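Structural features, examined
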Amino acid sequence: MRTAKGRAAAAASRKAKLIPLRGGAGAPAEAPESKYEAIFNQSSDAILTILPDGRIDAANQAVEEVTGFLKGELSGAMIDVLVPDPSKHLHRARPLTRELLASAGTFEDIAILRKDGYVRFVDLHVRRVMSGQEPLTLALLRDVTGKKSMERELITKHSELRNAYFQLEKKNAELQAMQETLVQSGKLAALGELAAGIAHELNQPLQGIRGYAQEIQHHFSAAAAASPEIEAGLREIVSNVDKMAGIIGYLRAFVRKSVEEYAWADLHLAIEESLKMLGRQFAVRGIAVERDFGKDVPPIYANALQLEQVFINLATNARDAIEATGRGRGTVWISTRFKNGFVEIDFRDDGCGMNERSKAKAFNPFFTTKEVGKGMGLGLSLSYGILSKLNGSIVVQSELGKGAAFRIRIPRDFREIG
Ligand SMILES: Nc1ncnc2c1ncn2[C@@H]1O[C@H](COP(=O)(O)OP(=O)(O)O)[C@@H](O)[C@H]1O
Ligand SMILES: [Mg+2]
């Protein structure tokens with residue numbers, strides 16, 4: 001066993017030997033020691049030799065670049081000068097430790113401390129060698145800081161890209177939903193314009209038909225030549241033309257812009273007007289209407305046209321639901337009453353009814369269970385909107401196969417309520 005003093009002396013003598021090679025390419029062959037020194041110093045990997053007590057024995061040129069220390073500063077110093085403070089941010093890398101140097105092996109991504117206080121990352125190869133009688137630790141350090149930071153950057157960029165992709169997918173889905181809504185409402189607007197146009201176009205030939213029918217009527221009665229059948233037929237023509245003109249007039253009023261006017265409106269009249277619209281459709285499907293109107297229902301402050309729209313929507317749905325049963329007949333019950341400042345309307349049918357899903361979604365815009373072209377899925381959502389503006393409400397009760405019942409409540413005057 002050597003004394004500490006002896007060891008220091010031995011280290012000093014070894015240090016003295018590790019002097020950079022002088023001479024150049026043409027220099028004569030060197031002594032074996034010098035040759036190893038040359039290899040040691042010219043190695044592109046940083047090499048340290050470390051004594052058993054943790055003192056640095058020697059360092060080559062490349063160590064200077066990796067650690068920022070001069071070779072002279074390191075030799076004789078404790079290896080601890082290269083050990084980073086573990087409390088510092090090491091990017092989850094392992095720090096250099098004495099224990100690491102005590103075990104031979106290869107360790108990737110090891111953090112070492114530089115003279116300037118920065119941390120660098122190295123791949124560390126530890127070998128145990130004998131130098132004469134003394135065991136030495138040989139540490140090879142390959143700087144991988146650049147590679148590691150690129151790797152880390154790549155990982156960050158990758159996760160950023162992934163996030164951006166998910167965001168994009170989400171936005172895309174939103175955009176698609178919006179586009180669908182837009183297309184639907186665009187269709188609706190186009191349909192409204194079309195209806196107004198058709199109403200206008202049909203009205204004129206219709207008035208023509210009416211005029212001719214009346215002229216023939218007049219002609220026959222003047223000549224007293226008509227048979228009762230012809231007279232009855234002509235009367236039918238005129239009365240049907242009047243019905244059609246009524247519907248057309250209604251359509252035109254419906255499409256008209258002034259749907260925002262509020263006034264005192266007769267609820268029962270609005271119900272009757274909407275039933276008139278559907279009168280023939282109910283008749284041909286064998287649908288009867290049973291009314292139970294409250295005598296004390298007062299006028300309500302609302303837009304009569306919008307009220308009609310609500311009842312047309314409910315009546316149309318009842319028509320479809322009854323038709324869907326395939327029975328060829330059915331009943332719609334409408335009852336009204338006045339209670340605590342609210343008018344209450346129950347609108348019930350004995351149609352096909354709704355399942356839980358339909359019930360939950362019935363008031364959603366564009367929800368429909370009807371085939372393309374038959375339902376737009378807007379009737380109930382529009383009705384809901386109209387009633388909300390009146391501070392009113394609409395709820396549904398239904399069971400599959402057992403019909404549906406809608407209850408509407410509207411304050412007599414929505415201006416008096418919150
Ligand atoms: N009286 C009813 N009986 C059974 N189902 C109904 C009734 N009213 C509405 N529904 C259901 O609610 C859906 C939405 O109705 P609505 O908003 O008026 O749109 P649409 O009639 O165009 O389908 C209907 O497709 C239907 O499934
Ligand atoms: Mg509908």
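The text that follows walks through the structure, step by step, so that each part is easy to find. What you see is a predicted model; the values in this text were computed from it and never measured. (Residues numbered from 1 in each chain as written. Chains lettered and ligands numbered in written order. Predicted model: local features only at pLDDT ≥ 70, side-chain atom pairs only at ≥ 80, totals over all residues.)

**Let's talk about the overall build of the protein chain**
Each helix and strand in the protein chain was counted, giving eleven helices and 13 strands. Looking at the protein chain as a whole, 21% of its 418 residues qualify as buried. For the protein chain, the proportion of contacts with a sequence separation of at least 24, taken over those separated by at least 6, is 58%. (Helix = DSSP H or I, 4+ residues; strand = E, 2+ residues; numbered from the N terminus. Buried ≥ 20, exposed ≤ 12 C-beta atoms within 10 Å, placed from the backbone. Contact = placed C-beta atoms within 7 Å.)

**Topic: the sheet that holds strand S12 (residues 393-398)**
The strands that make up a sheet are held in pairs by hydrogen bonds between backbone atoms, and each pair lies either parallel or antiparallel. Reading across from one edge, S8-S10-S11-S13-S12 is the order of the five strands in this open sheet, with mixed pairing throughout. Single-partner strands in this sheet number two, and they are strand S8 (287-292) and S12. With strand direction ignored, the average angle separating the axes of adjacent strands in the sheet is 15°. Against the sheet, helix H11 (residues 379-389) makes contact with S12 and strand S13 (404-411), and its axis sits at roughly 140° relative to S12, the strand it touches most. (Pairing = 2+ DSSP bridges. Axes fitted to C-alpha atoms, helices over the stretch in contact; angles between N-to-C directions.)

**Some thoughts on the site of ligand 1**
Not every one of the 23 residues close to ligand 1 is listed here, only the nearest: Asn317, Ala321, Thr368, Gly375 and Gly379. Mapped by element, the contributors of at least two residues to the shell around ligand 1 are helix H9 (304-325) and H11. It is H9 that provides the largest number of residues to the shell around ligand 1, a total of four residues. Across the shell around ligand 1, the residue classes tally to ten nonpolar, eleven polar and two charged. (Near = placed C-beta within 6 Å. Nonpolar A, V, L, I, M, F, W, Y, C, P; charged D, E, K, R; others polar.)

**Thoughts on the nonpolar core**
For soluble globular proteins, nonpolar side chains are generally found buried alongside one another. Counting 34 residues, the largest nonpolar core has Leu307, Phe311, Leu314, Leu387, Ile408 and Ile410 as its most contacted members. Elements supplying a minimum of two residues to this core: helix H8 (267-284), strand S9 (300-302), H9, strand S10 (330-339), strand S11 (342-349), H11 and S13. Per element, the largest residue contribution to this core is ten residues, and it comes from H9. What leucine 314 contacts, discounting residues up to four positions off in sequence, is Phe347 and Phe406. (Core = buried A, V, L, I, M, F, W, Y, C linked by C-beta atoms within 7 Å.)

**A word on the sheet that holds strand S6 (residues 134-143)**
On the basis of which strands lie adjacent, the open sheet formed by six strands has the order S2-S1-S6-S5-S4-S3 and mixed pairing. This sheet does not close on itself; its edge strands, each paired only once, are strand S2 (56-59) and strand S3 (94-95). Direction of pairing for strand S1 (residues 46-50) relative to S6: antiparallel, over a ladder of five bridges. For alanine 46, the partnering residue across the bridge sits in S6 and is leucine 141.

**Describing the pairing of strand S5 (residues 119-131)**
Across seven bridges, strand S4 (residues 105-113) lies against S5 in antiparallel orientation. Its bridge partner being in S5, leucine 113 is matched across the sheet by valine 119. The pairing of S5 with S6 spans ten bridges and is classified as antiparallel. Looking at the pairing, aspartate 123 lines up with arginine 142 of S6. What sits between S5 and S6 in their antiparallel hairpin is a turn of two residues, with glycine 132 showing a positive phi close to 65°.

**A few points about the packing of H9 against H11**
Any two packed helices are characterised by how steeply their axes cross, that is the angle between the axes, and by the distance between the axes. Interhelical geometry of H9 versus H11 gives an angle of 150° and a closest axis separation of 9 Å. With respect to H11, the axis of H9 lies roughly antiparallel. For the pair H9 and H11, the sense of crossing is left-handed. Each of Gln306, Gln309, Val310, Asn313, Thr316 and Asn317 in H9 lies in contact with H11, whose residues at this interface are Gly379, Leu380, Leu382, Ser383, Ile386 and Leu387. (Parallel < 35°, antiparallel > 145°, perpendicular 65-115°, else oblique. Left-handed = near helix turned anticlockwise from the far one by under 90°.)

**Brief notes about unusual backbone geometry**
Non-glycine residue aspartate 109 carries a positive phi angle of around 55°. When the 18 C-beta atoms within 10 Å are taken as the criterion, aspartate 109 is described as partly exposed. Even without glycine at this site, asparagine 340 takes up a positive phi of about 50°. Relative to the elements of secondary structure, asparagine 340 occurs in the loop between S10 and S11. Using a count of 8 C-beta atoms within 10 Å as the deciding quantity, one classes asparagine 340 as exposed.

**Brief notes about H8**
Residues spaced three or four apart along an α-helix face the same direction, because each turn holds 3.6 residues. Here H8 spans 26 Å end to end across 18 residues, near enough to the 26 Å set by a 1.5 Å rise per residue. For H8, every residue scored as buried is listed here: Leu267, Ala270, Ile271 and Ser274. Against strand S7 (263-265), S9, H9, S10 and S11 lie the buried residues of H8. Glycine 286, located one to two residues past H8, shows a positive phi value of around 70°. (Expected span 1.5 Å × (residues − 1).)

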